[in-house]
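# A structural walkthrough
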Amino acid sequence: MGNSNTRQHLETAQKTGACQLCKLNLKEVPEDLQRLKNSLRTLDLSFNKIPELPPWIVQFTSLKNLSVSHNKITSLPVDIGNLKKLEVLNADHNLLTSVPRSIANITNLKTLNLSGNRLHAFPLELCNLRNLDVVDLSSNAIMELPGNIGGLQAVELNLNQNQVSRLPESLADCPRLKVLRLEENCLDVTAFTPRIMRDSQISLFAVEGNVFDMKTFHNVEGYEAYMERFTATKKKFN
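Here's a quick rundown of the structure. (Residues numbered from 1 in each chain as written. Predicted model: local features only at pLDDT ≥ 70, side-chain atom pairs only at ≥ 80, totals over all residues. Heavy atoms only, no water.)

## Let's talk about the overall build of the protein chain
Across its full length, the protein chain carries four helices and nine strands. For the protein chain, the succession of helices and strands along the chain, N to C, is α-β-β-β-β-β-β-β-β-α-β-α-α. In terms of its C-alpha atoms, the protein chain occupies a principal-axis envelope of roughly 65 × 35 × 30 Å. Per-residue burial over the protein chain gives 49% buried out of 238 residues. For the protein chain, long-range pairs separated by at least 24 residues make up 35% of all intrachain contacts whose partners lie at least 6 apart in sequence. With the model as given, the accessible surface of the protein chain reaches about 11,600 Å², and the carbon-plus-sulfur share is 47%. The positive charge centre, built from 27 side chains, and the negative charge centre, built from 25, are 7 Å apart in the protein chain. (Helix = DSSP H or I, 4+ residues; strand = E, 2+ residues; numbered from the N terminus. Buried < 20%, exposed > 50% of the residue type's maximum accessible area, 1.4 Å probe, protein only. Contact = heavy atoms within 4.5 Å. Areas by Shrake-Rupley, 256 points an atom, 1.4 Å probe, with all protein chains shown as cover. Lys, Arg positive; Asp, Glu negative; His and termini not counted. Charge placed at Lys NZ, Arg CZ, Asp CG, Glu CD.)

## Structural notes on the sheet that holds strand β9 (residues 204-206)
Spatially, nine strands are ordered β1-β2-β3-β4-β5-β6-β7-β8-β9 in an open sheet, and the strand pairing comes out parallel. On the outer flanks of this sheet lie β1 (18-20) and β9, each paired with one strand and no other. Strand-to-strand twist across the sheet, computed as the mean angle between neighbouring axes with direction ignored, equals 5°. (Pairing = 2+ DSSP bridges. Axes fitted to C-alpha atoms, helices over the stretch in contact; angles between N-to-C directions.)

## Concerning the packing of aromatic side chains
Evaluation of the coordinates by the stated rule reveals 11 aromatic pairs. Taken together, a centroid distance of 5.8 Å and an interplanar angle of 80° make the contact between Phe 192 and Phe 212 edge-to-face. Here Phe 212 lies in the loop between β9 and α3 (214-217) and Phe 192 lies in the loop between β8 (179-181) and α2 (194-199), a separation of 20 residues in the sequence. The same class applies to Phe 192 as to Phe 212, namely buried. Measuring from ring centre to ring centre gives 6.3 Å for Tyr 226 and Phe 230, while their planes differ by 50°; the resulting arrangement is tilted. With Tyr 226 and Phe 230 both in helix α4 (residues 223-237) and four residues apart, this pair spans about one turn of that helix. Residue Phe 230 is classed as partly exposed on the basis of its relative accessible area of 25%. Among the aromatic side chains, those forming a connected cluster through ring pairs are Phe 192, Phe 205, Phe 212, Phe 217, Tyr 223, Tyr 226 and Phe 230. The ring of Phe 47 has Lys 23 sitting right over it, with the charged end atom 5.3 Å from the ring centre. (Phe/Tyr/Trp six-rings, centres within 6.5 Å; stacked < 30°, edge-to-face > 60°. Lys NZ or Arg CZ within 6 Å of the ring centre and 35° of its normal.)

Below you can see the structure in the form of structure tokens.
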């Protein structure tokens, strides 16, 4: 991307507070972007070839929406927790194997998309985020959920296309979890214990493509209690 092109995008961003730098074949984040660190609210760097985010990106303290989807990023900045106002973080389709502990400090975060990465473990730090609504961890290599996942505040959790083979009973303690997507994992029907089926807030289990047929799932203990929640939710939206 030529300097004049960069300048044009930055000039627009100066007026609007939003900088769109997607699909520009970028191999690094432009240094000139630092001039906007106090005013930028939205930054879109998706669909480029960026291998890492510079440490100074965490100085963008007004940032509410950050998208770095479809790049070659192997890790997020250690101090990403400094982005206190961030509400949406899209870092899907990169090469991430973990997330920094400081992500627990982004207390305003509502939407987190880390699908299509190389995560092997569920990021425990997410359980500290009180405003989290949607978490997408689909298409990773996560094998299990932590026993203390009960603190997760998310309304929807997407774990489709992972390698999860068991579910902790503490899923029943997640106070706001309504939608749990577990399609194409390694789950046996015994993973859905009576406590998870009866006592959780979950009103939609998406579980196709595991190692059981749906007829068996319909016969698990507590399925009727789950269907009552499912039907009640459905009526609410009809």
